[in-house]
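Read off the chains here:
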Amino acid sequence: PVMRDYVPGRAQARIWHEYKTYGNYLYMISDGGGNSLQIADLSYLPDSVHVVYDSTDIFDSGHTLWVDGNKLYVASVSSQGGNNSSMSVYSLANPTYPQLIARLDDDFPVIGSVHDMYVTNDTVYASCGYDGLYIFRFDTATNHFTQLSSLVVYPDQGYNHSSVLDRSHTMLYMLDEIPSGAAIKVVDVTDIYNPTVVDTFDSNPGATAHNPYVKNDELFIAYYQDGVQAYDITNPAAPARNGYFDTHYQNPPGTYPGTPYQGCWATYTDLPSGHLLASDM
């Protein structure tokens, strides 16, 4: 790998960031105080990237983001103007200046926070922390959310962190970050109005699953102390581990002393080569 450019965030103490692309544009956020929304034009690569927006006019910070079509979803939005939101949606009609089109709080103020979301064709699988999982549909004609269903009581429940669909969109793999060692849930969403947990699994007792990714019939998990875990989901209801790479080998299997925040934070699965990128803390 060759570093071609570097874009510093406004708050240098923020070591966690989230990135998504839309066309040639890269959207960069972080949460906590002193941040900004940053947008970079990647079309000049491999020479450099050009920052085309860096401001708090739209919002200061957010925890996670997702691009669905020409819309940008941002979770846990904080704004200097006090226009905070558990989740907001922005139009990317002008990709260098997203326009706010909806706030989840306006339709569902009872949702305390959204930590992350998986969005496909305007259907939002929102991981809402201790509030559980909520499934919404975003109506692009009215710019309002409709709740399709929720899952607020389920096995090994904790802080609902993130989820991903299999490619048939019949199974959702749902991760709870807290407490440490919570099992991954396999949720049947064939009937989207009645999501049902049909299985749970984990890599090793005590390890924490953090972020899931699906590519074809493989499920990849960034698994904190257990690194990158790979599962065959040819049968989406019954994941079977078929490989792993322990990025945090300092801890022997089955022993996880100290802070639970050790090891693999995220994985990138979409390189044409098939190689994986793993980010450790």
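Data block above holds the structure.
Values in this document were obtained by computation on a predicted structure and should not be read as measured data.

Notes on the sheet that holds strand S6 (residues 71–77)
Right, on to step 1. Taking strand neighbours across the sheet as the criterion, the 4 strands line up as S5-S6-S7-S8 in an open arrangement whose pairing is antiparallel. The open sheet terminates on both sides in strands that have one partner only, identified here as strand S5 (64–68) and strand S8 (99–103). Adjacent strand axes in the sheet meet at a mean angle of 25° when their direction is disregarded.
Right, on to step 2. Examined bridge by bridge, S5 and S6 share 5 bridges and lie antiparallel to one another. Note on S6: the bridge partner recorded for Asp-68 is Lys-71.

Here's the deal with the packing of aromatic side chains
Right, on to step 1. Taken as a whole and judged by the stated rule, the model has 12 aromatic pairs.
Right, on to step 2. Pairing Phe-136 with Phe-145 gives two aromatic rings, centres 6.0 Å apart and planes at 70°, and the pair type is edge-to-face.
Right, on to step 3. Taken together, Tyr-73, Phe-108, Tyr-134, Phe-136, Phe-138 and Phe-145 form an aromatic cluster joined through their ring pairs.

Remarks on the nonpolar core
Right, on to step 1. In terms of nonpolar packing, the biggest core is built from 28 residues, with Tyr-125, Tyr-173, Leu-219 and Ile-221 touching the most fellow members.
Right, on to step 2. Taken together, the elements giving at least two residues each to this core come down to strand S11 (133–139), strand S12 (144–151), strand S13 (160–165), strand S14 (171–176), strand S15 (184–188) and strand S18 (218–222).
Right, on to step 3. In terms of residue count, the dominant contributor to this core is S14 (5 residues).
Right, on to step 4. Apart from the residues within four sequence positions on either side, Ile-221 is in contact with Leu-175, Ile-184, Ala-209, His-210, Asn-211, Pro-212, Gly-227, Val-228, Gln-229 and Tyr-231.
Right, on to step 5. Phe-108, Ile-111, Phe-136 and Phe-145 belong to the second-largest nonpolar core, a separate cluster that totals 18 residues.

Observations regarding the sheet that holds strand S9 (residues 116–120)
Right, on to step 1. Spatially, the 4 strands line up as an open sheet ordered S9-S10-S11-S12, and their pairing is antiparallel. Both outer strands of the open sheet, S9 and S12, are each paired with one neighbouring strand and no more. This sheet shows a mean twist of 25° between the axes of neighbouring strands, independent of strand direction.
Right, on to step 2. Relative to S12, S11 runs antiparallel, the two being bridged by 7 bridges. Paired with Leu-133 across the bridge in S12 is Leu-151.

Section: the pairing of strand S1 (residues 18–22)
Right, on to step 1. Of the strand pairs in this sheet, S1 and strand S2 (residues 25–29) are connected by 5 bridges, and their pairing is antiparallel. The residue of S2 that forms the bridge with Glu-18 is Ile-29.

What to know about the environment of Ala-183
Right, on to step 1. When you line up the elements, Ala-183 lands in the loop between S14 and S15.
Right, on to step 2. With 64 residues separating them in the primary sequence, Ala-183 and Val-119 have C-alpha atoms 23 Å apart.
Right, on to step 3. Other than its neighbours up to four places away in sequence, Ala-183 contacts Asp-156, Thr-200, Phe-201 and Asp-202.

Some words on unusual backbone geometry
Right, on to step 1. Between Leu-45 and the following residue, Pro-46, the backbone shows a cis peptide bond with an omega angle of 10°.
Right, on to step 2. Turning to its location among the elements, Pro-46 is positioned in the loop between strand S3 (37–41) and strand S4 (50–55).
Right, on to step 3. Residue Pro-179 is reached from Ile-178 by a cis peptide bond, and omega for that bond is 5°.
Right, on to step 4. In this fold, Pro-179 is placed in the loop between S14 and S15.
Right, on to step 5. Phi is positive for Asn-143, close to 55°, though the residue is something other than glycine.
Right, on to step 6. Looking at Asn-143, the relative accessible area reads 27%, which means it is partly exposed.
Right, on to step 7. Although it is not a glycine, Tyr-224 adopts a positive phi angle of roughly 40°.

Analysis parameters
- Residues numbered from 1 in each chain as written.
- Predicted model: local features only at pLDDT ≥ 70, side-chain atom pairs only at ≥ 80, totals over all residues.
- Heavy atoms only, no water.
- Pairing = 2+ DSSP bridges.
- Helix = DSSP H or I, 4+ residues; strand = E, 2+ residues; numbered from the N terminus.
- Axes fitted to C-alpha atoms, helices over the stretch in contact; angles between N-to-C directions.
- Phe/Tyr/Trp six-rings, centres within 6.5 Å; stacked < 30°, edge-to-face > 60°.
- Core = buried A, V, L, I, M, F, W, Y, C linked by side-chain atoms within 4.5 Å.
- Buried < 20%, exposed > 50% of the residue type's maximum accessible area, 1.4 Å probe, protein only.
- Contact = heavy atoms within 4.5 Å.

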